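# Architecture and fold: a report
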Amino acid sequence: MPIADKKLGEGTYAVVYLGHLKADPKRLVAIKKMKVNTAEWRDGLTMDAIREVKYLQELSHPNIIALHAVFSSKNQNLNLVLEYLPLGDLEMLIKDVDGIRYGTAEVKAWMGMLGRAVWFCHENFILHRDIKPNNLFIAADGEVKLADFGLARSFADPYRIMSHQVITRWYRPPELLLGARHYAGTVDVWSMGTVFAELILRRPFLAGQTDVEQLELICQWIGTPVEENWPGVSKLADYIRFDKGNIQPIRGKEFFLSTFGTAGPVGVDLLMSMLALDPRKRSTSRQVLEHKWWTSEPRPTAKEHLPKKGGGPEKMGEDLKRKGGEIPASRGDSVARRLDFSAMR
Amino acid sequence: MSRSMQSNGAGPRRPGDREDICPVCKSTRYLNPEMRFLVNPECYHKMCESCVDRIFSQGPAACPIAGCARTLRKQRFRQQTFEDLKIEREVDIRRRVATAFNCQESDFETLLAYNNYLEDMEVATFNLLQGVDVDATERKLAAFAAQNAASISANNAKATETRTAQHAHTAAQKEQARLNRAGATRADVASMAEREEAHREAIDAVANAKDEPGQKVVLLKKSTARRTAAEKARDKQRQQQQQQQLQHPGDSTDHEIYKIQGLKPVIHPPPEKAYDPFGGMAHTPVYYTLQSHYEHPWLDRARTDPGIVAGGYDLREYYHRTMLAAFAGLGCFIDEEMGEKEKGRGEGDDKMVATEGAAMAAAAAAGADRAARRDVL
Ligand SMILES: Nc1ncnc2c1ncn2[C@@H]1O[C@H](COP(=O)(O)OP(=O)(O)O)[C@@H](O)[C@H]1O
Ligand SMILES: [Zn+2]
Ligand SMILES: [Zn+2]
């Protein structure tokens, strides 16, 4: 059984502690202690906790957080023993504009790992339904890990009604904003597209303050959903008739290039396929991985070379500066210093 | 060097521009404020740019400074970096030595071997600077350079690659910053795409150069093709001479005398595997081939009802899941089955094509089950 050491953070439904294994104190784990609320939830357990356990147990993949064990403590608390992910999340990296620099190769590496995680969930018929940068944790080796399966569920059953009140608003696809109760893996693909855009822009792409504003932003940046570009859309439960004079046709490639040009034309092509308004025209997670962007230049950065929170980039910068025969200071006393004239111009 | 009068020229001044009279044509900066001085690392004699143009444009010629008769090439003239020509020369020599001596500490088996190597390098530099043992030192340099040829070009490629990547990176960041400032026009978009493409090509070029050393050879061949027959003949002669020289005992021992001592054996890292977006996972079904349509009346509404399909619901995912469930158990007996199969028949249709019936039986069963439990989460 693991021992809890210190608090790592607190979320809506849980408090997370850093712990270690009794048998091996060097093995660190994160212990997620689910909050109990007998008043609101049946059996005192939240649906989130149940989902998290249920789906994480099924999924074992390098880009999905590992669930080592589940146990209950004295007061019937549910505790999840999770893989400890010490390097924060993707949101921290995106926001640290001054401290962390990255380019297309890094974006491709991160998106590639997210793409694999989402594809693997869908391959196992599980929707994540809360993909966003702060649910994408970074492991010690730089690997991206999809976490927080509190909103996950299985999918593909015909006629089974699903909630449209899922996915954090900025990452929520138009079909959910319009009240669709039957949907597919493509909801997660939209979220992936907005994360992709955010990685490039280094700020949230569509940041609506209300659901209505979110829909307006989608109309403005992607296009207004109408029967012509999205057959059947007007039959969705919460469809709004958009003002005829105010309809934005679907944005073309030049528009995306002007905003996301740094991803290159091939990258922009993938981004657009993930942000298609009509979910049936959107790429599936499999199609995302089949896209030619991944194998075109530049090659994705190796995970060990990706910029990391705290010390990561500075360290890397030092290594790059120290070229030629120069050696780290500690060895300097015993070795003659070599001046690097070849670098002079 | 005497300090000259106040400069009246507007152009940027560099070290060595202090003197205002060209020793060759005697023109003065007073009359020609734009005048620039150049030196050639062959002899470091200084002269003005127009003299260089005049004397060396037709090809290599002798240095016009009295008492020097070295043959100079226009291409090698350049502006001085340092005020003191002695330093200029020393830096040149050091740079040249550093290219031949390009091993790093990590290349050596012991620290002692590395220190000995560094000492060798300093001695070579000193000799060239002071004009001591120049011939032997030059031979040593050539021998080292030959030994290191592969790593020298690899290191150069790496340096260029890093530089190009950095340029591309900075440019991309600037570009994004500019885009973020919004208001980018359509015209900008087009030219930006072009620039992107150019960057990409530059990076590609470097990447390819690294991957296939063959490319350099191709370029060489092309330029050879352009040469005249006479030149080719001369080349051939030279080659023969070189070959004779190589066979000459005095020369062939160079490589043994001037061998870098204490180097670790070189281990080449295996070439990087191509990036696999699926991360090495199998992503096609093994036991069945999925069809795009399975007939069943229970499923018809899920195919057509806009309230269902407009949200992206896709029955094909249900087919897929059903098939996966139906065939999931098969993996457990795979070893036995393969053994049987290999004995029984040769290779052939190990992929079973699922029949509609099998899928539909599973679908109906699952459907009945699901309809009973209805959750709305
Ligand atoms: N596996 C982990 N490793 C390290 N820190 C974690 C881990 N899981 C969660 N945390 C920390 O605990 C905080 C709360 O986690 P969680 O309950 O999942 O948050 P939320 O409810 O916001 O999704 C996170 O913001 C993070 O800082
Ligand atoms: Zn002159
Ligand atoms: Zn001269």
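When helices and strands are counted, chain A shows 11 helices and nine strands. Considering chain A as a whole, with its 345 residues, one finds that 55% of them fall into the buried category. Within chain A, contacts between residues separated by at least 24 positions form 61% of all contacts whose residues are at least 6 apart in sequence. For chain A, the computed accessible surface area is about 15200 Å², with 52% contributed by carbon and sulfur atoms.

All names here are of chain B. Taken together, the protein ligands of the zinc ion (ligand 3) are Cys43 (SG), His45 (ND1), Cys63 (SG) and Cys68 (SG), with distances of 1.9 to 2.4 Å. Coordination at the zinc ion (ligand 3) is tetrahedral, judged from the four donor atoms that bind it and the angles of 100 to 116° they form at the metal. Between consecutive donor residues of the zinc ion (ligand 3), the sequence gaps follow C-x1-H-x17-C-x4-C. Residues Cys63 and Cys68 agree in their burial class; the two are buried.

Residue and element names in this part refer to chain A. What the five strands build is an open sheet, ordered E1-E2-E3-E5-E4; its pairing is antiparallel. Two strands lie at the open edges of the sheet, namely strand E1 (2-10) and strand E4 (67-72), each paired on one side alone. Mean inter-strand twist for the sheet, computed between neighbouring axes without regard to direction, equals 30°. The pairing of E1 with strand E2 (residues 14-21) spans seven bridges and is antiparallel. Residue pairing across strands places Gly9 opposite Val16, the latter belonging to E2.

The next point concerns the pairing of strand E3 (residues 28-34) of chain A. All names here are of chain A. Across the seven residues that make up E3, a large majority, five, are buried. With seven bridges joining them, E2 and E3 adopt antiparallel strand pairing. Across the sheet, the residue bridging to Val15 is Lys33, located in E3. Where E2 folds back on E3, the antiparallel hairpin that results is connected by six residues.

In this section: the pattern of salt bridges. Residues and elements named next belong to chain B. Counted according to the given criterion, the structure contains 28 salt bridges over all chains. Two residues, Asp92 and Arg78, come together in a salt bridge whose shortest N-O distance is 2.6 Å. Note that Asp92 is positioned in helix H2 (residues 85-100) and Arg78 in the loop between strand E4 (71-72) and H2, a separation of 14 residues in sequence. Of the residues examined, Arg78 reaches a relative accessible area of 23% and is grouped as partly exposed. For the salt bridge of Arg301 with Asp305, the shortest nitrogen-to-oxygen distance reads 2.8 Å. The exposure class of Asp305 is partly exposed, given its relative accessible area of 22%.

Turning our eyes to something else, we now look at the site of ligand 1. All names here are of chain A. The full set close to ligand 1 counts 14 residues, and Gly11, Lys32, Glu83, Leu85 and Asp148 are the nearest of them. For ligand 1, a nitrogen atom lies 2.9 Å from a polar atom in the backbone of Glu83. Between ligand 1 and Asp148, the relevant distance is 2.6 Å, taken from an oxygen atom to a side-chain nitrogen or oxygen of the residue. Contact with the protein chains hides 75% of the accessible area of ligand 1, taken as 550 Å² for the molecule alone. For the shell around ligand 1, the secondary structure elements donating two or more residues are E1 and E3. With three residues, the top contributor of residues to the shell around ligand 1 is E1. Of the residues belonging to the shell around ligand 1, the class tally is seven nonpolar, three polar and four charged.

On to the side chain of His320 of chain B, then. Along the chain, His320 of chain B turns up in helix H13 (residues 315-327). When its relative accessible area of 15% is taken as the criterion, His320 of chain B is described as buried.

A few words now on the confidence of the model for chain A. In the predicted model, chain A carries a mean pLDDT of 86, and the fraction of residues at 70 or more is 86%. Within the model, the stretch residues 311-345 of chain A combines pLDDT values under 50 with 45 contacts to residues more than four positions away or in other chains.

Residues and elements named next belong to chain B. For the zinc ion (ligand 2), the full set of protein donor atoms is Cys22 (SG), Cys25 (SG), Cys48 (SG) and Cys51 (SG), at a range of 2.2 to 2.4 Å. One can describe the site at the zinc ion (ligand 2) as tetrahedral: its four donor atoms subtend angles covering 104 to 116° at the metal. All donor residues of the zinc ion (ligand 2) come from one chain, and their arrangement in sequence is C-x2-C-x22-C-x2-C. Of this pair, Cys25 sits in the segment before strand E1 (37-39) while Cys51 sits in helix H1 (residues 49-56), and the two are 26 residues apart along the sequence. Judged by relative accessible area, which is 0%, Cys51 ranks as buried.

This part takes up the packing of aromatic side chains. Residues and elements named next belong to chain A. Under the counting rule described, the total for this entry stands at 20 aromatic pairs over all chains. Arranged with centres 5.1 Å apart and planes meeting at 40°, the rings of Phe196 and Trp293 form a pair that is tilted. Linking Phe196 in helix H5 (residues 186-201) with Trp293 in the loop between helix H9 (285-290) and helix H10 (312-321), this pair joins segments that are 97 residues apart in sequence. Each member of the pair Phe196 and Trp293 is classed as buried. In this structure an aromatic cluster arises from ring pairing among Phe205, Trp221, Phe255, Phe256 and Phe260.

Membership of the largest hydrophobic core comes to 107 residues, with the highest contact counts inside it found for Trp110, Met111, Phe149, Phe196, Leu199 and Phe260 of chain A. Residues contacting Phe196 of chain A, with those up to four places away along its chain left out, are Val107, Met111, Gly267, Leu270, Leu271, Met274 and Trp293 of chain A. Counting 19 residues, the second largest nonpolar core, distinct from the first, contains Ala113, Leu118, Ala124 and Ala143 of chain B.

Time to look at unusual backbone geometry. For the bond running from Glu297 of chain A to Pro298 of chain A, omega is -10°, close enough to zero to count as cis. Here Pro298 of chain A lies in the loop between H9 and H10. Not every positive phi belongs to a glycine, and Ala156 of chain A is a case in point at roughly 100°. Relative to the helices and strands, Ala156 of chain A is located in the loop between strand E9 (153-154) and helix H4 (174-177). Although it is not a glycine, Tyr44 of chain B sits at a positive phi angle of roughly 60°. Given a relative accessible area of 11%, Tyr44 of chain B falls into the buried group.

What counts and what doesn't
- Residues numbered from 1 in each chain as written.
- Chains lettered and ligands numbered in written order.
- Predicted model: local features only at pLDDT ≥ 70, side-chain atom pairs only at ≥ 80, totals over all residues.
- Heavy atoms only, no water.
- Helix = DSSP H or I, 4+ residues; strand = E, 2+ residues; numbered from the N terminus.
- Buried < 20%, exposed > 50% of the residue type's maximum accessible area, 1.4 Å probe, protein only.
- Contact = heavy atoms within 4.5 Å.
- Areas by Shrake-Rupley, 256 points an atom, 1.4 Å probe, with all protein chains shown as cover.
- Donors = N, O, S within 2.8 Å, 3.2 Å for Na, K, Ca; no water.
- Tetrahedral: all angles 85-135°; square planar, octahedral: opposite > 155°, others 65-115°.
- Pairing = 2+ DSSP bridges.
- Axes fitted to C-alpha atoms, helices over the stretch in contact; angles between N-to-C directions.
- Salt bridge = Lys/Arg side-chain N within 4 Å of Asp/Glu carboxyl O.
- Near = heavy atom within 4 Å.
- Polar contact = N/O pair within 3.5 Å; in protein donor to acceptor, adjacent residues only side chain to side chain.
- Nonpolar A, V, L, I, M, F, W, Y, C, P; charged D, E, K, R; others polar.
- pLDDT = per-residue confidence, 0-100.
- Phe/Tyr/Trp six-rings, centres within 6.5 Å; stacked < 30°, edge-to-face > 60°.
- Core = buried A, V, L, I, M, F, W, Y, C linked by side-chain atoms within 4.5 Å.

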